[in-house]
Amino acid sequence: MTRRFMGLASVALILAFGPELDACGDKSLAAGGIRMQRAKAARYPASIVAYVPAGSRLPAAARQLKLQDRLRQVGHKYHEVASLAELKTSIASGNFNVLLADTADAAALQREPAVLSAGVVLVPVSHNPAKAEARELSKQWRFTIKAPSREVEYLNTIVEAVASRRSASRGG
């Protein structure tokens, strides 16, 4: 009887203080998981317009990141446009605060008067960048997303972009 009790006590101690064992659905309870991201999205909600013209690498990056699903899952809004005219109309509506674009399109979009005057935060997305390219992008742009990357990284980038827009509009 004592041997059985000691065995059960050992198992209980291992389970209580041993390594963390998460099942597939328990990741939402981990630090930086879905619950934390939803709380951040509630505080800094993003309405994102993604510019995906023909030839853009953004659709491949978005698929790899599961971008549309994850953004909606945490509470952000996501919309894609394929032409510059659609982008200008979407931005002019005032419904968007973040613009995602392929790094190849970002510099040209940054010079667009419609983008500049709307106050949207432009976040370039790079697909499989080389290390040197990734370093250069981080020097050139305040916010960037690279694919592949961890979900928490790009979700935090989106939140930081929205937060920067809010602080800029308050004058701080």
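Since the model is a prediction, treat every value here as computed from it, not as a measurement. (Residues numbered from 1 in each chain as written. Predicted model: local features only at pLDDT ≥ 70, side-chain atom pairs only at ≥ 80, totals over all residues. Heavy atoms only, no water.)

Caption draft 1: The arrangement of the pairing of strand β3 (residues 98–102) in detail. By the criterion of burial, β3 is predominantly enclosed, with 5 of the 5 residues buried. Going residue by residue along β3, you find Val98, Leu100 and Asp102 tucked away on one face and Leu99 and Ala101 tucked away on the opposite face as well. One ladder, built from 4 bridges, connects strand β1 (residues 47–51) with β3; its direction is parallel. Looking at β3, one finds that Ala50 is bridged to Leu100. Two strands pair when backbone bridges link them, and β3 and strand β4 (residues 121–127) are joined in this way by 5 bridges, in the parallel orientation. Bridge pairing in β4 places Leu99 opposite Leu122. (Buried < 20%, exposed > 50% of the residue type's maximum accessible area, 1.4 Å probe, protein only. Helix = DSSP H or I, 4+ residues; strand = E, 2+ residues; numbered from the N terminus. Pairing = 2+ DSSP bridges.)

Caption draft 2: Representation of the sheet that holds β1. Spatially, β2-β1-β3-β4-β5 is the arrangement adopted by the 5 strands of the open sheet, whose pairing is parallel. Among the strands making up the open sheet, the edge pair consists of β2 (77–81) and β5 (145–147). Averaged over all pairs of adjacent strands, the angle between strand axes in this sheet comes to 25 degrees, irrespective of strand direction. When β1 meets β2, the two strands line up parallel, connected through 5 bridges. Within the sheet, the bridge partner assigned to Tyr51 lies in β2 and is Val81. (Axes fitted to C-alpha atoms, helices over the stretch in contact; angles between N-to-C directions.)

Caption draft 3: The side chain of Asp102, seen in detail. When you line up the elements, Asp102 lands in strand β3. Judged by its relative accessible area of 2%, Asp102 is buried. Reaching out from Asp102, the side chain makes a polar contact with the backbone nitrogen of Arg57 at a distance of 2.9 Å. Residues within four places of Asp102 in sequence aside, it is in contact with Ser56, Arg57, Leu58 and Val125. (Polar contact = N/O pair within 3.5 Å; in protein donor to acceptor, adjacent residues only side chain to side chain. Contact = heavy atoms within 4.5 Å.)

Caption draft 4: Up close: helix α4 (residues 67–74). Residues of α4 that are buried: Leu67, Leu71 and Val74. Buried residues of α4 fall within an arc of 75 degrees about the axis and therefore sit on the same side. Just downstream of α4 lies Gly75, where phi reads positive at about 115 degrees. (Arc of directions from axis to C-beta.)

Caption draft 5: Broad picture of the pattern of salt bridges. Throughout the structure, instances matching the rule amount to 4 salt bridges. Linking Asp102 and Arg57 is a salt bridge whose minimum nitrogen-to-oxygen distance equals 3.0 Å. Taken together, the residues Asp102 in strand β3 and Arg57 in the loop between β1 and α3 (58–65) connect sequence positions 45 residues apart. Of the residues examined, Arg57 reaches a relative accessible area of 34% and is grouped as partly exposed. (Salt bridge = Lys/Arg side-chain N within 4 Å of Asp/Glu carboxyl O.)

Caption draft 6: Broad picture of the side chain of Ser90. Tracing the sequence through the fold places Ser90 in helix α5 (residues 84–92). Of the residues examined, Ser90 reaches a relative accessible area of 11% and is grouped as buried. Here Ser90 is in contact with Val49, His79, Val81, Asn95 and Phe96, once residues within four sequence places are set aside.

Caption draft 7: Broad picture of the environment of Arg57. For the pair Arg57 and Asp102, spaced 45 residues apart in sequence, the C-alpha to C-alpha distance is 6.1 Å. Ignoring sequence-local partners within four residues, the contact set of Arg57 consists of Asp102, Thr103, Ala104 and His127. Polar side-chain contacts of Arg57 include one of 3.0 Å to the side chain of Thr103.

Caption draft 8: A look at α3. Among the residues making up α3, those that are buried are Leu58, Ala61, Ala62 and Leu65. Viewed end-on, α3 has its buried residues packed into an arc of 100 degrees, placing them on one side of the element.

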